Amino acid sequence: MEAEAAAAEVLLGLAEDAVMNARLSAGRGAVSPAALFPIAPEGPSVTLDMDYDAFLARQASPHRSGNFLMSVFDRSPRYVPEMQLHDGKLRERWTELAGWFRKNC
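Residues numbered from 1 in each chain as written. Predicted model: local features only at pLDDT ≥ 70, side-chain atom pairs only at ≥ 80, totals over all residues. Heavy atoms only, no water.

Undergrad: Before we move on, could you go through the overall build of the protein and cite the residues and values that matter?
TA: Counting secondary structure elements, the protein contains three helices and zero strands. The secondary structure elements of the protein, listed N-terminal to C-terminal, are α-α-α. Counting only contacts in the protein whose residues sit at least 6 apart along the sequence, the fraction spanning at least 24 positions is 68%. Taken as a whole, the protein presents about 9200 Å² of accessible surface, with 62% of it coming from carbon and sulfur. (Helix = DSSP H or I, 4+ residues; strand = E, 2+ residues; numbered from the N terminus. Contact = heavy atoms within 4.5 Å. Areas by Shrake-Rupley, 256 points an atom, 1.4 Å probe, with all protein chains shown as cover.)

Okay, structure coming up:
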């Protein structure tokens, strides 16, 4: 019984430390709402050098993102999620899906 009490005391101490650390860090490291990815594509788009279909059709080897810390910088083209804000076809589909979710969810 003494061992259980000691273990409970240790766990309570750890929980108290975690709560104190959370209080001390409240508000720190918060991400600005402007930095979040939008729910739907809004605002003007820019012209891209290559749309997503052309990107997929290229015959070059794909970008290997998994080893970026262990290799030299890979300059091969890559398509990142932010590009769907500017790719006409992807933007249209995203707008359509966002509208569906607003209506049905």
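Now that the structure is up, let's keep going.
Undergrad: Explain the packing of aromatic side chains to me, and be specific about the residues and the numbers.
TA: Summed over all chains, the structure comprises two aromatic pairs. An angle of 20° between the planes, with centres 6.4 Å apart, marks the rings of Y52 and F55 as stacked. Here F55 and Y52 lie together in helix α2 (residues 52–57), a separation of three residues that amounts to about one turn. With a relative accessible area of 29%, Y52 lands in the partly exposed category. (Phe/Tyr/Trp six-rings, centres within 6.5 Å; stacked < 30°, edge-to-face > 60°. Buried < 20%, exposed > 50% of the residue type's maximum accessible area, 1.4 Å probe, protein only.)

Undergrad: So what about helix α3 (residues 88–104)? Which residues, and what values?
TA: The end-to-end C-alpha distance of α3 is 24 Å, a good match for the 24 Å that 17 residues give at a rise of 1.5 Å each. Taken together, the buried positions of α3 are occupied by R91, W94 and A98. Burial along α3 is one-sided: seen end-on, the buried residues are contained in an arc of 60°. In α3, the exposed positions that point more than 90 degrees away from the buried face belong to K89, E92 and K103. For α3, the N-terminal cap is D87; the gap from its side-chain oxygen to the backbone nitrogen of K89 is 3.2 Å. (Expected span 1.5 Å × (residues − 1). Arc of directions from axis to C-beta. Polar contact = N/O pair within 3.5 Å; in protein donor to acceptor, adjacent residues only side chain to side chain.)

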